[in-house]
Amino acid sequence: MIKFLKSLFLTPVTFGLLTANIVLFGLAYFFPLLHVPAIGLVAAIGAGVLLLYAARKGSMARRQAPEKQSNVDENEIYIFIANFYNFPITAEIYDELPIQFQLRDLRFDLKLPSGGNRDILYKLRPTKRGEYQFGRLNILVRNPLKLVRRRFYFAGAQ
């Protein structure tokens, strides 16, 4: 249960719907017919969660970086991502770069069709000699309802 909650992220749209739902349930005290749309909003959010968590392995990603990087040239880093869901997804990819690069905002946004995959290429040029260690590859997947996001992480320290 705790692991499930650590990978679940609500979107701003969901917070807006939850706020509207509070108002609807409050008004439903005086107007009982408003219970129907209020319960419908709860069901929509639940359906969004079920869509993302129904598949055990919904998405996969991996990073490919050269074993030894050149200080003179730009080094090519490849990220491969695949969608195993039965619906198209929107993915946000955050790569944890070595601390020496001082880049904390490397993010890629892309849409993947059902069963689709894509390669992402970016380049890095080290400025100092030494050992560089990549962190995790974090993927936030959003379903077509855009109500919740699920986090996957891959490719530990490299």
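All of these numbers come straight from a predicted model, not from anything done at the bench.

Enquirer: What is the right way to look at the nonpolar core in this model?
Expert: As a rule of thumb, soluble globular proteins bury nonpolar side chains together. Core analysis: the largest hydrophobic core is formed by 27 residues, its most contacted members being I81, I93, Y122 and I139. Excluding residues within four positions of it along the chain, Y122 makes contact with N75, E76, I77, I79, D95, L97, L106, F108 and F134.

Enquirer: I tried to follow the packing of aromatic side chains on my own but got confused; where do I start?
Expert: Tallied over the entire structure, the rule returns four aromatic pairs. Both rings, one in Y29 and one in F30, keep their centres 5.2 Å apart while their planes meet at 85 degrees; by these two values the pair is edge-to-face. Seen from their ring centres, F152 and F154 are 6.2 Å apart, and the 15 degrees between their planes marks the pair as stacked. Of the two residues, F152 and F154, neither departs from the other in class, the shared state being buried. In this structure, R136 is placed above the aromatic ring of Y153, and the distance from its NZ or CZ to the ring centre is 4.0 Å.

Enquirer: Is there a simple way to explain helix α3 (residues 35–53) in this structure?
Expert: Helical geometry note: an α-helix holds 3.6 residues per turn, so side chains three or four residues apart project in the same direction. Taking 1.5 Å as the rise per residue, α3 with 19 residues should run 27 Å; its terminal C-alpha atoms sit 27 Å apart, in good agreement. Those residues of α3 lying buried are A38, L41, I45, G48, V49 and L52. Looking down the long axis of α3, one finds its buried residues gathered within 95 degrees of arc, a one-sided arrangement. In α3, the exposed positions angled more than 90 degrees off the buried face are occupied by V36 and L50.

Enquirer: I would appreciate a short explanation of the sheet that holds strand β6 (residues 117–124) in the present structure.
Expert: The strands that make up a sheet pair up through hydrogen bonds in the backbone, lying either parallel or antiparallel. Strand order in the open sheet made by the three strands is β2-β3-β6, with antiparallel pairing throughout. Edge positions in the sheet fall to β2 (59–64) and β6, since each of these pairs with one other strand and no more. Direction aside, the axes of adjacent strands within the sheet are offset by 15 degrees on average. Bridge count for β2 against strand β3 (residues 75–83) is six bridges, and the pairing is antiparallel. Note on β3: the bridge partner recorded for R62 is F80.

About the criteria used
- Residues numbered from 1 in each chain as written.
- Predicted model: local features only at pLDDT ≥ 70, side-chain atom pairs only at ≥ 80, totals over all residues.
- Heavy atoms only, no water.
- Core = buried A, V, L, I, M, F, W, Y, C linked by side-chain atoms within 4.5 Å.
- Buried < 20%, exposed > 50% of the residue type's maximum accessible area, 1.4 Å probe, protein only.
- Contact = heavy atoms within 4.5 Å.
- Phe/Tyr/Trp six-rings, centres within 6.5 Å; stacked < 30°, edge-to-face > 60°.
- Lys NZ or Arg CZ within 6 Å of the ring centre and 35° of its normal.
- Helix = DSSP H or I, 4+ residues; strand = E, 2+ residues; numbered from the N terminus.
- Expected span 1.5 Å × (residues − 1).
- Arc of directions from axis to C-beta.
- Pairing = 2+ DSSP bridges.
- Axes fitted to C-alpha atoms, helices over the stretch in contact; angles between N-to-C directions.

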